[in-house]
Structures are given as C-alpha cells and as structure tokens.
Amino acid sequence: MRYLFILLTLLCCISGYGQTTLTPAPTGSEMRLLSSSSSRFINQKILRSYHPVYEHKGSTLSADSGDLYKDDIGREFFEAHGNIVITQTSGSVIYGTHLHYDAASQQAVLTKNVRMVDGQTTLTTNYLTYNMRSQRGTYRNGGRIEGQGDTITSQNAYYFETSKDAYFNNKVVVRSPNVIIYTDTMQYNTMYRDAFFFGPTNIKGRKGENLYTEKGTYNTAFGIAKFNKNNLYTEGSRFLKGDSLFYDRNRGIGEAFRNVVFVDTLDKFYSNGGYGKYIEADQSILMTDKPLVKYVIQNDTTKQAADSLSTDSLQANKNLSKREIRKLEKEKEKELKAQEKQLTEKDISSTTDSTENKAVVPIKEPPKVDTAYMTADTLYSKVIFVRDYKPLDLKLDRNGGQIEESTEVDYGDMEDSTSFDDTDGLSIGEPILEKTLETAEPKILKKSETVKPVTPAKKAPAKAKVPDSMNIEVTTKADSVLRRKAEMPTGTEHDDLLSDALKTAQTADTLLKDSTQIFADTARTRIVRANYNVRVFKSDLQAVADSVYYGMVDSMFRFMGKPMIWSDGSQISADTIFMQIKNGKMDNALLKQNAFMVNAVLDTLKFNQLKGRKITAFFANNAIERLFVDGNAENLVFSTNDKTNTITEMFHDRSSRIKITMEKNKIIDYVSIRKIDQKIYPFKLVTQELEVLPGFQWKPEDRPKSVEDMLNRKRAGQSLISEPDDEDEGDGNTGEIKTEATKSIDTKKAVQTEKILEEATEN
C-alpha cells in the first residue's frame, strides 16, 4: 500500500505540472517520459530527470540529465546534457554533449562533439541545428560529412535526410580515394555520390591532373565529370578546353565540345576545333568539326620551290657557262647596290632636314617566327615511345647520289585508323594522396564501431555506445586547419594557365633534344595524322592532300593522296611529297612518283614546267640550295624580254637527271646528265602540244587563300560527306540509319587511303 501511495502521488504531481500555462499544448504533442533513473520537480515548473528517455512524435531523446519545462504560452522545451542520443523513426541517430529542443517546432540544437549517423553517411560538427519535422540539419561553424569513401568539410552546410542531399559553402574540400576537390559552393548527394558545382572548382587527380569548371557535376564513385562553364582539363604539359567538357576518370577519356582548344607545351603542339577527344593512356587527341592544327616554326625568307621556276631565274637554263652566269649576277648586284645607295642618300637628306621635329623610323624587320596551319576532316595526334617510331630513311644525298633509282626503305610507322577507338580497361592506379591523408588526419570510427553493442544482449538505442568525443574534437580541429590552408580557385587561374600554355606552344622550337634522352627506352614522341581533305596554310606556302602524317622524331611531313603545294606563283605536285624540318627550318623535300613543278610566266597562260619520276630539293637557310630531277627528267622554260615584258622563246630539256644549284634564290648552275635532248623554239613556233609536258595540271582554284578560306572550303571535286564518329553508325540529328550508298562511299574512302599508304612505300 505504501508503494501504491507513492506512485499515485507522483502521477498526480506530473499531471499537475504546468497547470499555470495560459494556452495548453495540443493533445498528443507533449513529450512523454519513457524512463529515468530518477525525476524531481524544481519550483513546480521544471521536471529534472537523470538518464531520462523521452518520446516525441515517434522519436526518442535521451541524455545523462535533462530538464523539461514550458514557457508562458505552453510550449515545451527540453534542455539536456551529457551523452545526448536522438533516435528517429527513419533510423538516423544524432549524438552530442548538449541539447536544446523545442517540442512545438521540433527544432533541436546540439553542441559539442555532435555526430549524426544516417545509414552510410556521418555528419560531424560542434554545433548542429536539426529540425526533426523537415529532417534538415545545418552547421555554420565548420564540420564534415563522410560516407562511402568521401569526406567533405566546409564552413557551412545544410543536410536533407529525406533526399540525402547536402549543400556546402565557404571553403569546401572533398577528399576521396582518387581526387581532392576545392570549391566554395557545392551540392552533394550522399546516396549517388554526385557533386554539383556552382562556382570556381578544382578537381585534382591522382597523377597530377586537374579539372576546372565553374558549373557542372562530378560523380566521385565512377569518376564521371560533366562541365559546361569555363572548363579546363590539365595533365602535365597538356591542356584541353571546351564550352562543354566530359571526363571519364576510370577510362581516362576526356571529350570537349564547341570552341575546343588542345595544347601540349612540351611538344609545341596546339590545335582547336568543334570537337575534341583526349585519351590519357597515349596522350592522344582526336579533333573534328573544322579542326585546326598550328605549328610555329622559325620564319624564313624562302619562297620555297617558287623561285626555282621563276622566269628571271630560269633565263640561265640554256647551258650558259659559269663565267657568263657570274658576270650577269655581278651586273645585277651592282644595279641593286646603286639603287640602295640612292635610296639611302635620299633618306638621309630627308631625315636631316627634319631631325628636330621627327624621329627616324626604324626599318621593320620581318617576324622571327611564322605559323603553319593545317586542317582536315579528322586530325589525330598521340604520344608513342621513341623506340616504336621508325624514322624514314629516304637515302637523300646532297650531292645527288647515283642516278639509278635505289629501293627506298618502307616507313612502317603509319598505323591503321582503328587506333582512334577508346582504350577501355585502363589501370586505375593507386588512389591519390591516400597515404598523405591517412597520416594527416586521425582515423574516424565507423558507425559499426560506435553503435554496435558490446554484448549480444539487446539494448535500447538510447543506451548505445556513443562515438569517442576526443576523436570528434581532433578531426574538427584538423578540418579547420585544412580549410584555412586550402587554396581555393578564384576564377582567373584557368585563363592564366591556358594563356601561358599558348604562349609556350607558340614559341618556335628547334626540337633538338639530348640524344641520351631521345633514344632512352622511356623517351616519348608525338605523331600527328590528318585524314581526308587536308589543307595547309602558311604565309609563303599552301598545300592540299588526302592525308598527312608527321613525326616529331625526324620532323618529317608526309603528304599523300594527290598532294599539291603552292608557293608564290609555283605549284608542286606528286603522288607523295616528303618535307623535313631540322633545327626549326626546312632541310629537304622529296617529290616521289609523277613529280611536277609548275610556275606561271608573267600574266600569261604559259607555264615553266619541271617534271620527273622524282624531284629532290635541299635547303640552306630556308632557301633552296640544290635541286635534283631524276627519272625521265624534263624542263620546259619560257624566256622573256625584261624591257618589253614579252615571251621570246621556249627551252625544252630532256635527260636522265637535271641538277640545279641556287644561291639567294637564283640559279647559278644548271646541268643535264645522260640522254640529253635540248631544244629551243622561237615563241611564234610554239604550238599547244609543245607548250605543256605530259601530266601537266594547273589548279589555282584548289589553293587555300587564307586560314578562314582553308577552314570553310575544300579542294574542288572533294566529297562534302562528313565522316561519322567510330561509335555512331547513324545520323546524329535524325537517328536514321546510314544508307547503303553512304556506306559505300565510306568504304571507298578507306580503300583509297589504304592504297595511298601502300603506294607511298613503293619505289
């Protein structure tokens, strides 16, 4: 009876608690005390309990001690201290040291060593505001969220338990096994591990690569990035930029769309276009949609093969003696010196008269560098081991060598176009900064280590073991130091990086390297391949071809598939044309099979012509020094009268070899060797059959007139059908399957290209 009396008294006291409230709380909204070790009233307004367990709208709240009270309008509040545990119906658990809970709004404020565990996600901070009705948590004084391999720390964050979304701002640092991310504003989904960026962001990878964007998404689980504002990918000396950027870290593939720029500062290589695809494994870049490759070389004063066929220079082709040629040259030099002297005296007198008022204007020197531009339907470049590259040995001899044709070495460095395919299955490598992060950051106990009961016996959630508060305190301080030292992107770095890269790539390079490095087993080099409708533009040289191949080891250009080159008034053609650069300057050129050089005479429709099975040219200081024509060599030249500016006669020379020696773009020696047949025709006796050599063709309409013209116009008669991507067999706009006719055209193109490559290796 005594115990029953005590119990009834306690119940009456509890029922009488708070009867002075003006507006009672709604029925069913009050907090219910489930258990406690002891409870007592303070001033008949506050119920103080020790080790209490309260229930409120399905959630339980427990602590070492707590006070429950009401304000003047009947709202309930719960102040608790020590080992706070809040267990929600969703299964999430919140731990802390101090708690202030507003029952009406279901707003909980937890301080010191706060930790929220929601499935595989753990939030740690020292100050957390959490609404149990909306299930939204907020920290504003620094904290972290971790789970599934990702650890995110920031100054401020909002966590939505229902959607599993978290919003971070102010010094956001994301650490995962493969990357570390620096940004100032980010949304993150803890279930799918998707990160959304809304400002300058750097994603640093395991090999030193970096992704920059100001708007986009990145999945930390699969390493998939999709960016669409101010995007830049960097890896070592390589840079890839585009209006839109896609990156697959596991496959090592990056794709850029619209206004694409690719730069390799190490190889002095840069290009741009409408679409670019980069593969990390071989550092290759595939570009389409008006791709443009730029190659900076030391400027020259050469007019290439044009001057070798000019009317003035070829006046000496009629086997004049060396003495006569030199006499003519001396006379011309005297005339030039006299003209220069007159101009100099005139300049001096005019300058002297106005010295006080005018400064002497210095003579502008030509630029020291020039840029060669190349475009095609498809441009492809990659890095290979030098040991795998087979340089061409054309067996060229500056003295001409033997007249008999020798078998040329097959260059086996051309590869099938199927190398454009993606490289699946790339090795992932070791996680970046894994050891560094482990040593710099104390290990955080997992949920299974902190919540799992020690004994098999079932225990209430409120009595579960809480995380080690010392660990939370240490990690909070470590995160604060990390945020303070983190270098956050400001939004200007990507422009500076790309600008510096372009300046470096546009600096002319001799491409000379230490031989011990070139031939080392680990040495690498870049090759460039252009396929279909290739066009080249340089200030003093333009070219077209079906395909072009370039290797940086021997600096050799290979023009294949009806190549044609123009320089000033000259046109050069052959089945295959080889041009080699050494020390940043032209060194030699080989026109192989059906070699033909044409030069327009005055303003007429007459042309100087030089043809043979093979034409070899050697350069000195970017000017032609020697020229050899072999195999049924023929030379047809129209002589002119300088005074009347009219054609006087035509010279036709046929032999086994024609050797031409030049100096300062002028012929100083002309020699015909073996089977010589030379004729001179008065111009009035020249017929249409005689004025052109077999195989003659003149196509100025195919010549690129500018970089813009080169990009927007193909040579006459070329197909305008675009080549499809390797992975797309249909029309990208309509989704229709390609017709048999279109497939037939593609097959023919592939066969023609293969045939060109085979013929280029034959004598």
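In what follows, the structure referred to is the one given above.
Residues numbered from 1 in each chain as written. Predicted model: local features only at pLDDT ≥ 70, side-chain atom pairs only at ≥ 80, totals over all residues. Heavy atoms only, no water.

A. A look at the overall build of the protein chain. Counting its secondary structure elements, the protein chain contains nine helices and 42 strands. Looking at the protein chain as a whole, 48% of its 763 residues are labelled buried. For the protein chain, long-range pairs separated by at least 24 residues make up 53% of all intrachain contacts whose partners lie at least 6 apart in sequence. A total accessible area of about 39100 Å² is found for the protein chain, and carbon and sulfur atoms account for 53% of it. (Helix = DSSP H or I, 4+ residues; strand = E, 2+ residues; numbered from the N terminus. Buried < 20%, exposed > 50% of the residue type's maximum accessible area, 1.4 Å probe, protein only. Contact = heavy atoms within 4.5 Å. Areas by Shrake-Rupley, 256 points an atom, 1.4 Å probe, with all protein chains shown as cover.)

B. Looking closely at the nonpolar core. Residues L99 and F168 are the most contacted members of the largest nonpolar core, which totals 95 residues. Once residues within four sequence positions are removed from consideration, L99 is found in contact with L61, F78, E79, A80, I84, I86, A108, V109 and L110. In terms of nonpolar packing, the next biggest core, distinct from the first, is built from eleven residues, V598, V601, F607 and V686 among them. (Core = buried A, V, L, I, M, F, W, Y, C linked by side-chain atoms within 4.5 Å.)

C. Main features of helix 6 (residues 493–505). The end-to-end C-alpha separation of helix 6 is 18 Å, in line with the 18 Å expected for 13 residues at 1.5 Å each. Listed as buried for helix 6 are H494, L498, A501 and A505. Looking straight down helix 6, one finds its buried side chains confined to an arc of 60°; they lie on one side. (Expected span 1.5 Å × (residues − 1). Arc of directions from axis to C-beta.)

D. Structural context of the pattern of salt bridges. Per the stated rule, a full pass over the model turns up 23 salt bridges. Ionic pairing is found between R249 and E209, a salt bridge with its closest N-O pair at 2.7 Å. In this pair, R249 sits in the loop between strand 24 (244–248) and strand 25 (253–264) while E209 sits in the loop between strand 18 (201–204) and strand 19 (210–213), placing the two residues 40 residues apart along the sequence. Here the two residues R249 and E209 agree in accessibility, since each one is buried. (Salt bridge = Lys/Arg side-chain N within 4 Å of Asp/Glu carboxyl O.)

E. Layout of the packing of aromatic side chains. Summed over the entire model, instances satisfying the criterion amount to 16 aromatic pairs. Taking 6.2 Å as the distance between ring centres and 80° as the angle between the ring planes, the aromatic pair formed by F618 and F628 counts as edge-to-face. Within this pair, whereas F618 is found in strand 38 (residues 607–620), its partner F628 is found in strand 39 (residues 623–641), the two being separated by ten residues in sequence. Considering the side-chain rings of F651 and Y670, the 6.5 Å spacing of their centres and the 70° angle between planes classify their relative orientation as edge-to-face. With F651 in strand 40 (residues 646–663) and Y670 in strand 41 (residues 666–673), this pair connects stretches of sequence that are 19 residues apart. Assessed through its relative accessible area of 5%, Y670 is described here as buried. Over the face of the ring belonging to F385 we find R387, whose NZ or CZ atom lies 4.1 Å from the ring centre. Over the aromatic face of F385 sits the side chain of R524, whose NZ or CZ is 4.2 Å from the ring centroid. (Phe/Tyr/Trp six-rings, centres within 6.5 Å; stacked < 30°, edge-to-face > 60°. Lys NZ or Arg CZ within 6 Å of the ring centre and 35° of its normal.)

F. Spotlight on the environment of R387. Among the structural elements, R387 can be located in the loop between strand 30 (378–385) and helix 3 (434–440). Taking the C-alpha atoms as reference points, R387 and R524, 137 residues apart in sequence, are found 8.2 Å from one another.

G. Spatial organisation of the environment of T125. In this structure, T125 sits in strand 10 (residues 121–131). Of the residues examined, T125 reaches a relative accessible area of 1% and is grouped as buried. Spatially, the C-alpha atom of T125 lies 6.5 Å from that of R115, the residues being ten residues apart in sequence. Contacts of T125, omitting those with residues within four sequence positions, involve N113, V114, Y139, G142, G143 and I472. For T125, the side chain forms a polar contact with the main-chain oxygen of G142, separated by 2.8 Å. (Polar contact = N/O pair within 3.5 Å; in protein donor to acceptor, adjacent residues only side chain to side chain.)

H. Inspection of the side chain of D479 at higher detail. Topologically, D479 is positioned in helix 5 (residues 469–485). Here D479 falls in the buried class, since its relative accessible area comes to 3%. A distance of 3.3 Å separates polar atoms of two side chains, one belonging to D479 and the other to R175. When residues no more than four places from it in sequence are discounted, the contact partners of D479 are R144, T153 and R175.

I. Region of the structure containing unusual backbone geometry. Unusually for a residue other than glycine, D289 sits at a positive phi of about 60°. In this fold, D289 is placed in the loop between strand 27 (284–288) and strand 28 (292–298).

J. Molecular detail of the environment of D603. Residue position: D603 is located in the loop between strand 37 (585–600) and strand 38. On the accessibility criterion, D603 (81% relative accessible area) is exposed. Considered as a pair, D603 and N645 are 42 residues apart in the sequence and their alpha carbons are 9.8 Å apart.

K. A look at the pairing of strand 4 (residues 53–56). Residues V53 and E55 line one face of strand 4 and the alternating positions Y54 and H56 line the opposite face, and both faces are buried. The pairing of strand 1 (residues 32–35) with strand 4 spans three bridges and is classified as antiparallel. Among the inter-strand pairings, L33 is bridged to a residue of strand 4, identified as Y54. Two strands pair when backbone bridges link them, and strand 4 and strand 5 (residues 59–62) are joined in this way by four bridges, in the antiparallel orientation. Residue pairing in the sheet places Y54 in a bridge with L61 of strand 5. Taken together, strand 4 and the strand that follows it, strand 5, pair antiparallel across an intervening segment of two residues, in which K57 is found at a positive phi of about 50°. (Pairing = 2+ DSSP bridges.)

Worth remembering: the numbers are spatial, not functional.
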